[in-house]
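Examination of the molecular architecture
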Amino acid sequence: MARSAPAPNRQASLDLIEGYSLEMTGKDVPSLIEAKDRIPAGTRINVTFLGNEDLDMRVAAAKAVREHGFVPVPHLSARRLKSQAELEEFLGRLQEVGASEQVFTIGGDPATPEGPYEDSLALITSGVLQRYGVREVGIGGYPEGHPDISTDTLTGAVRDKAAALREAGLDALVITQFAFDIDPVLAWIDALRSAGIDAPVRVGTPGPAGIKRLLGFARRFGVGANAMIVKKYGFSLTNLMGEAGPDRFVDDLAATLAERTPGTGLDHPDKPGGVGLHFYTFGGLGATADWVHRFRAERSTTDAAGTAGQG
Ligand SMILES: NC(=O)C1=CN([C@@H]2O[C@H](COP(=O)(O)OP(=O)(O)OC[C@H]3O[C@@H](n4cnc5c(N)ncnc54)[C@H](O)[C@@H]3O)[C@@H](O)[C@H]2O)C=CC1
Ligand SMILES: Nc1nc(=O)c2c([nH]1)NC[C@@H]1CN(c3ccc(C(=O)N[C@@H](CCC(=O)O)C(=O)O)cc3)CN21
């Protein structure tokens, strides 16, 4: 039986949303330019490394992120890199545009590697990243597992990557696969902390988007979306028209984290032990930026007593 979340806690929701990060693809530069005035300066924006983009597009996207006053976090997809030379070319060009300090290393969807890197650990231990000014490395986390990879393998991989980053003197953070259900996310954060990993966690969160599109990505990436889960999230499988936003997901996650030992959980997402949000902008950067503004406004209103009340 699903745990019922505590009553919404406005301040906790506002704390959790602080310092959120966004994700865009190499094709989303027009969307970034359209939305740039509604995204807080200094926001971290990840740039995906998908099969249907090329290096020029990825470098141009990271450059645009930097030029508009945000922090670019380019993805390095281990299995999609054809050689060390390609990795060095990509990192060199990112460094030239001031976009190599923070990267996100990811295994890469190909079933077999296209080059020398089997997984994201191989990129971290290659010794190449530091040579191009990389200071911080994001790694993936899967509260609900992965369709092609066992949970034991994934757990071992997070541990090995965190250890390798510590050894290499690189900062680490974990960005989780998106979810519609906070229970597996909270259990996964507890397991990470019990394993002694205090890297900040950015919880993957679906930005507002069409319900059909959300379900399409959930199916493609192995994210739980049964009738009970999506009902808690705020939509119904019997009506796939319309849009859904993460309002309840963020409120429930924030209120639950806030109930925990003070000083854990809701610390700023860039501090060890902290938890923040990473939005997968399936419906567009602008739609996600607008959603954040509305979400904040609704929770910043003061009640009759003139204070930002609880719940
Ligand atoms: N969480 C996210 O936001 C994203 C996740 N992914 C995908 O998640 C998967 C895991 O990536 P990481 O967490 O960096 O794992 P990883 O690179 O740390 O690898 C963990 C283990 O899974 C194996 N593995 C990695 N990719 C695989 C694949 N495509 N098929 C079968 N086995 C694979 C590795 O050999 C290793 O033993 C990759 O397929 C990656 O493309 C891709 C983009 C974003
Ligand atoms: N296992 C796994 N693989 C992934 O590639 C992946 C995840 N998980 N977790 C979430 C992120 C987000 N990802 C994506 C992938 C495509 C679009 C997207 O908007 N695609 C456009 C056109 C293609 C493009 O713009 O690149 C689309 O309309 O599908 C967004 C986020 C990839 N990601």
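Our structure is the block above this text.
First, a word on what this report is: a plain description of the structure on this page. Fair warning: this is a prediction, and the values are worked out from it, not measured in the lab.

Attention now moves to empty space enclosed by the protein. Across all of its chains, the model carries two cavities of 30 Å³ or more by this definition. Considered as a void within the structure, the largest cavity measures approximately 50 Å³ in volume. Lining the largest cavity are Phe180, Asp181, Ile182, Lys232, Tyr233, Arg248, Phe249 and Asp252. Here the element with the most residues in the lining of the largest cavity is helix H10 (residues 247-258); it accounts for three residues. Split into classes, the residues belonging to the lining of the largest cavity amount to four nonpolar, no polar and four charged.

This structure, assessed with the given rule, holds 18 salt bridges. Residues arginine 93 and glutamate 89 are paired through a salt bridge, measuring 3.3 Å at the closest nitrogen-oxygen approach. Pair noted here: arginine 93 and glutamate 89 are both in helix H4 (residues 84-96), with a separation of four residues, about one helical turn. Glutamate 89 gets classed as partly exposed once you look at its relative accessible area, which sits at 40%. For glutamate 298, the salt bridge identified is with arginine 294, shortest N-O distance 3.7 Å. Placement of both glutamate 298 and arginine 294 in helix H11 (residues 285-300) is noted, with a separation of four residues, approximately one turn of the helix.

This paragraph deals with the nonpolar core. Grouped together as the largest cluster of nonpolar side chains are 89 residues, with contacts concentrated most on Leu32, Val137, Phe180, Val203, Phe249, Leu253 and Leu277. Other than its neighbours up to four places away in sequence, phenylalanine 180 contacts Pro206, Leu214, Ala218, Val223, Gly224, Ala225, Ile229, Tyr233, Phe235 and Phe249.

Buried residues dominate strand S7 (residues 201-206), accounting for six of its six residues. Residues of S7 alternate between two faces, with Val201, Val203 and Thr205 on one and Arg202, Gly204 and Pro206 on the opposite face, all of them buried. Relative to S7, strand S6 (residues 171-176) runs parallel, the two sharing two bridges. Residue pairing in the sheet places isoleucine 175 in a bridge with arginine 202 of S7.

Neighbouring ligand 2 are 13 residues, the closest being Thr25, Asp109, Gln177, Arg213 and Phe221. One of the side-chain nitrogen or oxygen atoms of threonine 25 is found 3.1 Å away from an oxygen atom of ligand 2. Separating an oxygen atom of ligand 2 from a side-chain N or O atom of aspartate 109 is a distance of 3.1 Å. For ligand 2, whose accessible area on its own is 640 Å², the fraction buried by protein is 76%. The element best represented in the shell around ligand 2 is helix H8 (residues 211-221), accounting for three residues. Partitioned by chemical class, the residues of the shell around ligand 2 number five nonpolar, four polar and four charged.

Procedures and definitions
Residues numbered from 1 in each chain as written. Chains lettered and ligands numbered in written order. Predicted model: local features only at pLDDT ≥ 70, side-chain atom pairs only at ≥ 80, totals over all residues. Heavy atoms only, no water. 1 Å grid on protein atoms, 1.4 Å probe; cavity = no way out; pocket = protein on both sides within 12 Å on 5 of 7 lines; lining within 4 Å. Points joined across faces, edges and corners; volume = space filled by probe spheres on them. Helix = DSSP H or I, 4+ residues; strand = E, 2+ residues; numbered from the N terminus. Nonpolar A, V, L, I, M, F, W, Y, C, P; charged D, E, K, R; others polar. Salt bridge = Lys/Arg side-chain N within 4 Å of Asp/Glu carboxyl O. Buried < 20%, exposed > 50% of the residue type's maximum accessible area, 1.4 Å probe, protein only. Core = buried A, V, L, I, M, F, W, Y, C linked by side-chain atoms within 4.5 Å. Contact = heavy atoms within 4.5 Å. Pairing = 2+ DSSP bridges. Near = heavy atom within 4 Å. Polar contact = N/O pair within 3.5 Å; in protein donor to acceptor, adjacent residues only side chain to side chain. Areas by Shrake-Rupley, 256 points an atom, 1.4 Å probe, with all protein chains shown as cover.

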